[in-house]
Amino acid sequence: LAWLQLARSAPVKADQFVHFWLSVMALAAYKQPRGQDIPRIRRYVVQLGTGVAGVISQTRIEELLALFEHASTARNRLMHHSDESKITLAMIEDLEVAAFELVDFELRKAGMAGHRR
């Protein structure tokens, strides 16, 4: 949750993006073996379609996976080439919504109500 707070308070678009990305990674990587980001995220997101914590549609799962793959590409360009061109305001907003969907899932798994804005 600290990454989400940092993202919301960051004045620079690239900082917002990085903090939202780190919040997604913190959730998706928890108790998973080390490895590449996208396979770890994929394993995590697939869980959203099953289990007692609530089920989201296959369509939404595919949308999330596409967003995270696009964000991973943007992250790589930012970190390895100092290129922010793939980071748009729309991507940041979509990443924020997605990160809170993951938080909601974790809260439901813990038996707590999800995030409400």
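Look up: the structure comes first, before these words.
Structural notes on the pattern of salt bridges
Here's step 1: Evaluation of the coordinates by the stated rule reveals six salt bridges.
Here's step 2: The shortest N-O distance in the salt bridge between R60 and E63 comes to 3.2 Å. Residue R60 and its partner E63 are both found in helix 4 (residues 58-81); the two are separated by three residues, about one turn of the helix.
Here's step 3: The class of R60 is partly exposed, set by a relative accessible area of 23%.
Here's step 4: Members of the salt-bridge network, linked through shared partners, are R60, E63 and E101.

A word on the packing of aromatic side chains
Here's step 1: Here the structure, examined in full by the defined rule, presents one aromatic pair.
Here's step 2: When the ring of Y44 is compared with that of F105, the centres are 6.0 Å apart and the planes differ by 90 degrees; the resulting orientation is edge-to-face. Placement of the pair is Y44 in helix 3 (residues 37-46) and F105 in helix 5 (residues 89-109), with a sequence separation of 61 residues. For the pair formed by Y44 and F105, the shared burial category is buried.

Observations regarding helix 3
Here's step 1: Taken together, the buried positions of helix 3 are R40, I41, Y44 and V45. Along the axis of helix 3, the buried positions cluster into a sector of 130 degrees, meaning they face one direction only.
Here's step 2: Summarising the contacts, the buried residues of helix 3 are in contact with helix 2 (13-29), helix 4 and helix 5.

Focus on the packing of helix 1 (residues 2-9) against helix 2
Here's step 1: Contact geometry for helix 1 and helix 2: axes closest at 8 Å, N-to-C directions at 165 degrees. With respect to each other, helix 1 and helix 2 are oriented roughly antiparallel. By crossing handedness, the relation of helix 1 to helix 2 is classed as left-handed. Along the contact surface, helix 1 presents W3, L4, L6, A7 and R8, while helix 2 presents Q16, H19, F20, L22, S23 and A26.

Things to note about helix 5
Here's step 1: Here helix 5 contains 21 residues, and its C-alpha end-to-end distance of 30 Å stays within 8% of the 30 Å for a straight helix at 1.5 Å per residue.
Here's step 2: Buried within helix 5 we find M91, I92, L95, E96, A98, A99, F100, E101, L102, V103, D104 and F105.
Here's step 3: On its buried side, helix 5 packs onto helix 1, helix 2, helix 3 and helix 4.
Here's step 4: Note on helix 5: the residue one or two positions beyond its end, G111, has a positive phi of about 80 degrees.

Cut-offs applied
Residues numbered from 1 in each chain as written. Predicted model: local features only at pLDDT ≥ 70, side-chain atom pairs only at ≥ 80, totals over all residues. Heavy atoms only, no water. Salt bridge = Lys/Arg side-chain N within 4 Å of Asp/Glu carboxyl O. Helix = DSSP H or I, 4+ residues; strand = E, 2+ residues; numbered from the N terminus. Buried < 20%, exposed > 50% of the residue type's maximum accessible area, 1.4 Å probe, protein only. Phe/Tyr/Trp six-rings, centres within 6.5 Å; stacked < 30°, edge-to-face > 60°. Arc of directions from axis to C-beta. Contact = heavy atoms within 4.5 Å. Axes fitted to C-alpha atoms, helices over the stretch in contact; angles between N-to-C directions. Parallel < 35°, antiparallel > 145°, perpendicular 65-115°, else oblique. Left-handed = near helix turned anticlockwise from the far one by under 90°. Expected span 1.5 Å × (residues − 1).

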